[in-house]
Amino acid sequence: MSKARFEEKVRLQKPIDASSLNLKEHVVAVNRVTKVVKGGKNLSFSALVVVGDGAGTIGYGLGKAREVPMAIRKGIELAKKNLLKIHLTPPTIPHLVMGRYSASQVLLKPAPEGTGIIAGGPVRPVMEAVGIRNVFTKAIGNTNAHNVVKATLDGLLQLKSREAVAALRGKNVQEL
């Protein structure tokens, strides 16, 4: 999926009030960045943070500041402003899906009860934050943490409930 289509899909979601939710924060990545100026180098930090309530609500944010705690705090604030609602059938996902963002792709595959989250890198905090406990994942292509998080969210936004699939096929849920 292109960047523009992903951002359009995220923009079309209804805003969610973060004050009523019990959100947990997960720090995905902290990067040290420098800006070279005339007098030397300016050191700062960027933190990619994912927040979720464990019941289908998730958000991500990128905070930048001169100290790590301040960057994490800014990331959490931005993530709470950008919350998304995912259609889930816990404890796993209803069907196989491939999320794409830029050069990153993430394959999400349902897993039986007791398997756990088989995921590496940035995908694991996203799955924990959204509340999925059993899933197989594979990151393909670019493994940049920002792009992988967005590709994972793209895959989660593509999930459909059994009722939605039945309605698309013109059948009832028992026929599936």
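Owing to the predicted nature of the structure, the values given are computational and were not obtained by experimental measurement.

S.K.: An account of the overall build of the protein is needed here, citing residue identities and associated values.
M.R.: Each helix and strand in the protein was counted, giving five helices and eight strands. Its helices and strands taken in sequence order, the protein reads α-β-β-β-α-β-β-β-β-α-β-α-α from the N to the C terminus. On C-alpha atoms alone, the protein measures out to a radius of gyration of 18 Å, which is about the 16 Å that the 2.2 N^0.38 rule sets for 176 residues. In terms of principal-axis extent, the alpha carbons of the protein reach across some 70 × 35 × 35 Å. Burial status across the protein gives 39% buried among its 176 residues. Sequence-distant contacts, at least 24 apart, represent 59% of the contacts inside the protein between residues at least 6 apart.

S.K.: Give me the packing of helix α1 (residues 3-11) against helix α4 (residues 145-157): which residues, what numbers.
M.R.: To characterise two packed helices, one gives the angle between the axes of the helices and the distance between these axes. Two elements in contact, α1 and α4, have axes whose closest approach is 11 Å; the angle formed by their N-to-C orientations is 60°. By the angle between their directions, the pair α1 and α4 is classed as oblique. α4 is crossed by α1, and the crossing has left-handed handedness. Facing Phe6, Lys9 and Val10 of α1, the residues of α4 in contact are Lys150, Leu153, Asp154 and Leu157. For the contact of α1 with α4, the class distribution of residues is four nonpolar, no polar and three charged.

S.K.: Hey, could you go over the sheet that holds strand β8 (residues 135-141) for me, with residue numbers and the actual values?
M.R.: Across a sheet, paired strands are connected by hydrogen bonds in the backbone, their directions being either parallel or antiparallel. Pairing is mixed in the open sheet, where four strands are placed in the order β5-β6-β8-β7. Of all strands in the sheet, those with a lone pairing partner are β5 (97-101) and β7 (117-118), marking the two edges. Here strand β6 (residues 104-110) runs beside β8; their pairing, made up of seven bridges, is antiparallel. The partner of Val106 across the bridge, within β8, is Ala139.

Each value, and the rule that gives it
Residues numbered from 1 in each chain as written. Predicted model: local features only at pLDDT ≥ 70, side-chain atom pairs only at ≥ 80, totals over all residues. Heavy atoms only, no water. Helix = DSSP H or I, 4+ residues; strand = E, 2+ residues; numbered from the N terminus. Rg over C-alpha atoms; globule rule 2.2 N^0.38 Å. Buried < 20%, exposed > 50% of the residue type's maximum accessible area, 1.4 Å probe, protein only. Contact = heavy atoms within 4.5 Å. Axes fitted to C-alpha atoms, helices over the stretch in contact; angles between N-to-C directions. Parallel < 35°, antiparallel > 145°, perpendicular 65-115°, else oblique. Left-handed = near helix turned anticlockwise from the far one by under 90°. Nonpolar A, V, L, I, M, F, W, Y, C, P; charged D, E, K, R; others polar. Pairing = 2+ DSSP bridges.

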